[in-house]
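Residue strings, one per chain:
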Amino acid sequence: MATPSETCIENRARIQPDMMNNYDTAHGGGVLKLMDEVGAMSAMRFTGETCITARVTGLEFTRPIPRGEIAVVEAWVYQAGQSSIRVRLVADREEPRTGDRERTCESCFIFVAVDEDGFPVPVPELTTPTDRDRQLEESGLAAATDE
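These notes cover the structure that comes with them. (Residues numbered from 1 in each chain as written. Predicted model: local features only at pLDDT ≥ 70, side-chain atom pairs only at ≥ 80, totals over all residues. Heavy atoms only, no water.)

## A few points about the pattern of salt bridges
Note the following rule: Here, a salt bridge means any Lys or Arg side-chain nitrogen found within 4 Å of an Asp or Glu carboxyl oxygen. Numbering of helices and strands starts at the N terminus; helices are DSSP runs of H or I of at least 4 residues and strands are runs of E of at least 2. Exposure categories follow from relative accessible area, calculated using a 1.4 Å probe and restricted to protein chains: below 20% of the type maximum is buried, above 50% is exposed, and the middle band is partly exposed.
Inspection of every chain in the model, using the stated rule, returns 14 salt bridges. Note that Glu94 is salt-bridged to Arg12, the shortest N-O span being 3.2 Å. Here Glu94, found in strand β4 (residues 84-94), pairs with Arg12, found in strand β1 (residues 9-14); they are 82 residues apart in sequence, far enough to count as distant. Classification of Glu94 as buried rests on a relative accessible area of 9%. Arg12 gets classed as partly exposed once you look at its relative accessible area, which sits at 42%. Between Glu37 and Lys33 there is a salt bridge, with its nearest N and O atoms 3.7 Å apart. In this pair, Glu37 and Lys33 both sit in helix α2 (residues 28-47), four residues apart, roughly one turn of the helix. Residue classification places Lys33 among the exposed residues on the basis of a relative accessible area of 53%. In this structure, a network of salt bridges that share partners links the residues Glu10, Arg12, Asp92, Glu94, Arg101 and Arg103.

## A word on the pairing of strand β5 (residues 101-114)
Test applied: Here a strand pair is declared whenever DSSP counts at least two bridges between the two strands.
By the criterion of burial, β5 is predominantly enclosed, with ten of the 14 residues buried. Pairing geometry for strand β2 (residues 50-61) and β5, over nine bridges, is antiparallel. From the neighbouring strand, Thr57 faces β5, where its bridge partner is Cys108. Strand direction decides the pairing type here: β4 and β5, joined by eleven bridges, are antiparallel. What sits directly across from Arg93, in β5, is Glu102.

## Some words on the nonpolar core
In summary, soluble globular proteins display a tendency toward joint burial of nonpolar side chains. Here is the rule we go by: Here the nonpolar core consists of buried residues drawn from Ala, Val, Leu, Ile, Met, Phe, Trp, Tyr and Cys, with membership extended through side-chain atoms lying within 4.5 Å. Contact between two residues is taken to exist if any of their heavy atoms lie within 4.5 Å; hydrogens are not considered.
Counting 30 residues, the largest nonpolar core has Met35, Ile85, Val87 and Phe111 as its most contacted members. At the level of secondary structure, the elements contributing two or more residues to this core comprise β1, α2, β3 (70-80), β4 and β5. Beyond its immediate sequence surroundings of up to four residues, Met35 is in contact with Leu59, Val73, Leu89, Ala91, Cys105, Glu106, Ser107 and Phe109. Listed in part, the six residues of the second largest apolar core include Trp76, Val90, Leu136 and Ala143.

## Thoughts on α2
Because each turn of an α-helix spans 3.6 residues, side chains separated by three or four positions in sequence point in the same direction. Applied cut-off: The length a helix should cover is 1.5 Å for every residue beyond the first.
If you check α2, its first and last C-alpha atoms are 28 Å apart, about what 20 residues at 1.5 Å a residue would give, namely 28 Å. Among the structural elements, α1 (4-7), β1, β2, β3, β4 and β5 are those in contact with the buried residues of α2. The first or second residue beyond α2 is Gly48, which carries a positive phi of 75°.

## Let's talk about the sheet that holds β2
Operational definition: Interaxial angle, 0 to 180 degrees, is taken between N-to-C directions of lines fitted to C-alpha atoms, where a helix line uses only the stretch in contact.
Here we have five strands laid out as an open sheet, ordered β1-β3-β4-β5-β2, and antiparallel in their pairing. The strands lining the two open edges of the sheet, one partner per strand, are β1 and β2. Across this sheet, the average inter-strand angle for adjacent strands is 25°, counted without regard to direction. As paired elements, β1 and β3 share six bridges and run antiparallel to each other. The residue of β3 that forms the bridge with Glu10 is Glu74.

Spelled out as structure tokens, the structure:
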């Protein structure tokens, strides 16, 4: 059975000119795309199946990511249902020369595990054997109640 820490994935993307809006910062849709991709990777690592996005909840942008800085997206599974998986996502802006970070947005995504024909399939049970696993689960559940 999978644990939240086993599903934890972090990915980076440097904000390039083709990813920006009129304000010289990362386009919100581009950041959302990065979050969706990393979230799907986390869900698939948990299920061992193809996972598709079913819902995005509580997405709020609090800071922009300027051109040349790095978007750091982290995702982990915090809850599993019959065929659905809840994934916590956070995105930070990172200054590439110093590594200093600031939170830019966060959300909870719901993915559904599907077979080759696109039909929902059962997912494993989520277990939390370590303190880190319980911390990740609690963080996801706390964010989900804020939606």
